[in-house]
Amino acid sequence: MKILIAGLGSIGRRHFRNLKSLGENDLILYRTHRSTLSDDELAGVPVETDLNVALAQKPDAVIVSNPTALHLDVAIPAVAAGCAVLLEKPISHHLERVDELLAAQRASGAPVLVAFQFRYHPGIRQVRTWLQDGAIGRPLSARAHWGEFLANWHPWEDYRQSYSARADLGGGVVLTLSHPLDYLRWLLGDVQDLFAFTGKLGDLEMGVEDTAEIVLRFAGGCLGSLHLDYNQQPAAHTLEIIGTQGTLTWDNATGAARCYRAQTNVWEQVDLPQGFERNHLFLDEMRHFLAVARREEQPICLLEDGVRALDMAMAALRSGQSGERVPLSQPLPFRGEEK
């Protein structure tokens, strides 16, 4: 399978290494040579600096891992060319050209997998299984918290130049840490409306928001809250869901998922598989994408899901500026099958 990787920053390099480890060696790189990482590991791999030239080589699949603000510049022509696309999250930094991407997919039928890798986390999958089994009754409220000091993410680069810290590249904590917006919707259903406070509160040198408090009202009646920040030391990423018959929790630090059933007054804990590492999320995602590209599986995170997550992120940013509650648009009129 011929695979084009567009963008060779941190996540692009991870995808490159994982593809190689999975035995995929027919690779093409589309890049602008602005990455701050060494090119040693890329030696011998064909490089194109013109997207049209790269797509003219008819790749079967395209991985879009360039900065957020540039995603659609690659994704739209790749989908129009009929390539399977792994599209990094968030799918863009605004909604302006999303209709063009949706139209390209409808015309070509090309599958798009949005790269929200926490959908592959065993702990979050266990939480979803408990919810589907009714283990805690009807969900009433949910709380997700993710704080992590931005300057510690990539020690090899100046955080101020990273896409996460730059408005022109689609940065800011709401877009960059939008994973919970996706998995909360995956677990609890569509969001009806939300309210947010956002701001630049810490001491990091950047022109985007570093803190957000978002209140969510789900269409099914559940209420949710989400905290995001670029400041917390040590990092913390947790989830709690309270239901009529118990409570579910997940902690990224240990990976464990826990379920308290009111009927038994006992906590049940499911730990990570032995030997689990963070990269396993990305490896499982890549294995799934390769199956999607071979048309063997349907994407578990559809383009529709990516659009909904972006819609929520943009609504949070609008609410943070206006101080008003923002209704979410109606669910998109198409839906694929999950595996």
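The sections below set out a description of the structure shown in this document.

### Considerations on the packing of helix H4 (residues 98-108) against helix H9 (residues 303-322)
Interhelical geometry of H4 versus H9 gives an angle of 175° and a closest axis separation of 11 Å. Taken together, the axes of H4 and H9 lie roughly antiparallel to each other. Where H4 abuts H9, its residues Val 98, Leu 101, Leu 102 and Gln 105 lie against Leu 303, Val 307 and Leu 310.

### Topic: the sheet that holds strand E10 (residues 223-229)
Taken in spatial order, the nine strands make up an open sheet running E14-E13-E12-E11-E7-E10-E9-E8-E15, and their pairing is mixed. Both outer strands of the open sheet, strand E14 (266-270) and strand E15 (326-327), are each paired with one neighbouring strand and no more. Relative to strand E13 (residues 257-261), strand E12 (residues 246-251) is paired through five bridges, and the arrangement is antiparallel. Within the sheet, the bridge partner assigned to Thr 249 lies in E13 and is Arg 258. Against the sheet, H9 touches strand E8 (191-199), strand E9 (211-218) and E15, its axis set at about 50° to E8.

### Observations concerning the pattern of salt bridges
Applying the stated criterion across every chain yields a total of 19 salt bridges. Between Glu 41 and Arg 13 there is a salt bridge; the shortest N-O distance is 3.3 Å. One end of the pair, Glu 41, is in the loop between strand E2 (27-30) and strand E3 (47-48); the other, Arg 13, is in helix H1 (residues 10-21), and 28 residues separate them in sequence. On the basis of relative accessibility, which here comes to 1%, the residue Arg 13 falls in the buried class. Glu 205 is the salt-bridge partner of Arg 160, the closest N and O atoms lying 2.8 Å from each other. Here Glu 205 lies in the loop between E8 and E9 and Arg 160 lies in the loop between strand E7 (139-147) and helix H6 (173-176), a separation of 45 residues in the sequence.

### Let's talk about the packing of aromatic side chains
The tally for this structure, following the rule as stated, stands at seven aromatic pairs. Residues Tyr 260 and Trp 267 carry aromatic rings whose centres are separated by 5.4 Å and whose planes lie at 50° to one another, so their mutual orientation is tilted. Given the relative accessible area of 23%, Tyr 260 is considered partly exposed. Through successive ring pairs, a cluster of aromatic residues spans Phe 118, Trp 146, Tyr 183 and Trp 250. Lying over the aromatic face of Tyr 159, Arg 160 brings its terminal NZ or CZ to 6.0 Å of the ring centre. Residue placement shows Arg 258 over the ring face of Trp 267; its charged tip is 4.2 Å from the ring centre.

### Quick word on the state of the cysteines
One pass over the structure, following the stated rule, counts zero disulfides. No disulfide involves Cys 222; its sulfur sits 15 Å from that of Cys 259, the nearest cysteine. Counting only cysteine sulfurs, Cys 83 is the nearest neighbor of Cys 301, a cysteine outside any disulfide, at a range of 20 Å. Judged by its relative accessible area of 0%, Cys 301 is buried.

### Things to note about the pairing of E13
Hairpin connection from E12 to E13: five residues lie between these consecutive antiparallel strands, with Gly 255 at a positive phi of about 80°. The pairing of E13 with E14 spans five bridges and is antiparallel. Considered in E14, the bridge of Arg 258 is made with Gln 269. Once E13 ends, the chain turns through four residues before running back antiparallel as E14, passing Asn 265 with a positive phi of about 55°.

### What about helix H7 (residues 179-188)?
Across the 10 residues that make up H7, a large majority, 10, are buried. Considered for burial, the residues of H7 that qualify are His 179, Pro 180, Leu 181, Asp 182, Tyr 183, Leu 184, Arg 185, Trp 186, Leu 187 and Leu 188. Of the residues flanking the end of H7, it is Gly 189, one or two places downstream, whose phi is positive at about 95°.

### Points about the sheet that holds E2
Pairing in this open sheet of six strands is parallel, and the strands run E3-E2-E1-E4-E5-E6 from one edge to the other. In this open sheet, the two strands that pair with only one neighbour each are E3 and strand E6 (112-115). Pairing of strand E1 (residues 3-6) with strand E4 (residues 61-64) involves four bridges; the strand directions are parallel. For Leu 4, the partnering residue across the bridge sits in E4 and is Val 62.

### Some thoughts on the pairing of E1
Burial of E1 is two-sided: the residues Ile 3 and Ile 5 facing one way and the residues Leu 4 and Ala 6 facing the other way are all buried. Bridging between E1 and E2 involves four bridges; their strand directions are parallel. Paired with Ile 3 across the bridge in E2 is Leu 27.

Criteria and cut-off values
- Residues numbered from 1 in each chain as written.
- Predicted model: local features only at pLDDT ≥ 70, side-chain atom pairs only at ≥ 80, totals over all residues.
- Heavy atoms only, no water.
- Axes fitted to C-alpha atoms, helices over the stretch in contact; angles between N-to-C directions.
- Helix = DSSP H or I, 4+ residues; strand = E, 2+ residues; numbered from the N terminus.
- Parallel < 35°, antiparallel > 145°, perpendicular 65-115°, else oblique.
- Contact = heavy atoms within 4.5 Å.
- Pairing = 2+ DSSP bridges.
- Salt bridge = Lys/Arg side-chain N within 4 Å of Asp/Glu carboxyl O.
- Buried < 20%, exposed > 50% of the residue type's maximum accessible area, 1.4 Å probe, protein only.
- Phe/Tyr/Trp six-rings, centres within 6.5 Å; stacked < 30°, edge-to-face > 60°.
- Lys NZ or Arg CZ within 6 Å of the ring centre and 35° of its normal.
- Disulfide = S-S within 2.5 Å.

By themselves, these figures tell us nothing about what the structure is for.
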